[in-house]
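Spelled out from the first residue to the last, the chains are:
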Amino acid sequence: MTPPVRTALLAGLGVCFMTGLGFASVPLYSMFCAATGLNGTTQRGLVAPGAVAGAGRVQIDFDTNVSAKLPWKFAAEHPSETVDVGARDMAFFTATNTSNKPVTGTATFNVTPAQAGKYFTKIQCFCFTQQTLKPGETARMPVIFFVDPKMLDDPDAKDIKTITLSYTFYPVDSGDVAS
């Protein structure tokens, strides 16, 4: 194989590798964030371990936001709760369609401080699920969660006393605008 052919072959392989890496970067980043809690990515679980004696309590603040393109009101029923570490808890949110037509939205979330993300575990959540509300309709949506007791063993997270769970609702169809 001549040097120019070998160079062209290596360049072609490099382009193929970089293209594949570009397509794989989003799912790989998502898996990394889910595994490490990076950027406030929460964990998913099926059952809470139960309150740990002497583990203490953590305040959970709920922050709610709505895109300007979504004609909804969205709020937590209680803006803050104090929970036992390890215990299962439930918070409720309400969303109301303030327009005169059906509108579909979906929520994204984040947890701060970022170190708490890998210890905040959701059992059930409305996030990333499309919610369609009729004109004037209000929906009540639960989030079931717990704070993993392993947080108490992490030197970067053991002193966290307040965790903020933040949701933002966006329209599913970018054509939905406030009426």
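Reading guide: rules and limits
Residues numbered from 1 in each chain as written. Predicted model: local features only at pLDDT ≥ 70, side-chain atom pairs only at ≥ 80, totals over all residues. Heavy atoms only, no water. Helix = DSSP H or I, 4+ residues; strand = E, 2+ residues; numbered from the N terminus. Buried < 20%, exposed > 50% of the residue type's maximum accessible area, 1.4 Å probe, protein only. Phe/Tyr/Trp six-rings, centres within 6.5 Å; stacked < 30°, edge-to-face > 60°. Salt bridge = Lys/Arg side-chain N within 4 Å of Asp/Glu carboxyl O. pLDDT = per-residue confidence, 0-100. Contact = heavy atoms within 4.5 Å.

Chemist: Report on unusual backbone geometry, specifying residues and quantitative values.
Modeler: Here Thr112 and Pro113 are connected by a cis peptide whose omega angle stands at -5 degrees. By the element assignment, Pro113 lies in the loop between strand S6 (103-112) and strand S7 (120-124). Positive phi outside glycine occurs at Phe128, with the angle close to 65 degrees. Judged by its relative accessible area of 56%, Phe128 falls in the exposed class.

Chemist: Give me the packing of aromatic side chains: which residues, what numbers.
Modeler: Remark: the centre distance and the inter-plane angle together describe each pair of aromatic rings, the angle taken between the planes. Applying the stated criterion to the full structure yields 12 aromatic pairs. Taking 5.1 Å as the distance between ring centres and 15 degrees as the angle between the ring planes, the aromatic pair formed by Phe120 and Phe145 counts as stacked. Within this pair, whereas Phe120 is found in strand S7, its partner Phe145 is found in strand S9 (residues 138-147), the two being separated by 25 residues in sequence. Neither Phe120 nor Phe145 differs from the other in exposure class; each is buried. Both rings, one in Phe126 and one in Phe169, keep their centres 5.9 Å apart while their planes meet at 0 degrees; by these two values the pair is stacked. Taken together, the positions of Phe126 in the loop between S7 and strand S8 (131-133) and Phe169 in strand S10 (residues 162-171) put the pair 43 residues apart, joining distant regions of the chain.

Chemist: Run through the pattern of salt bridges, naming residues and quoting values.
Modeler: Taken as a whole and assessed by the stated rule, the structure comprises two salt bridges. Here Asp84 ties to Arg57 by a salt bridge, and the two come within 2.9 Å at their closest N and O atoms. On the criterion of sequence distance, the pair formed by Asp84 in strand S4 (residues 80-84) and Arg57 in strand S2 (residues 57-66) is long-range, its members being 27 residues apart. What makes Asp84 partly exposed here is its relative accessible area of 32%. Where Arg140 meets Glu77, a salt bridge forms, and the shortest distance between an N and an O atom there is 2.5 Å. Here the residue Arg140 occupies a position in strand S9, and Glu77 occupies one in the loop between strand S3 (72-76) and S4, the gap between them amounting to 63 residues.

Chemist: Run through the confidence of the model for the chain, naming residues and quoting values.
Modeler: Predicted coordinates in areas of low pLDDT are best not read in detail. This prediction gives the chain a mean pLDDT of 82; 77% of its residues lie at or above 70. Per-residue pLDDT, averaged within each element of the chain, yields its smallest value for strand S1 (residues 43-44) (58) and its largest for S3 (97). Throughout residues 36-40 the model reports pLDDT below 50, and contacts reaching past four residues in sequence, or to other chains, amount to 15 contacts.

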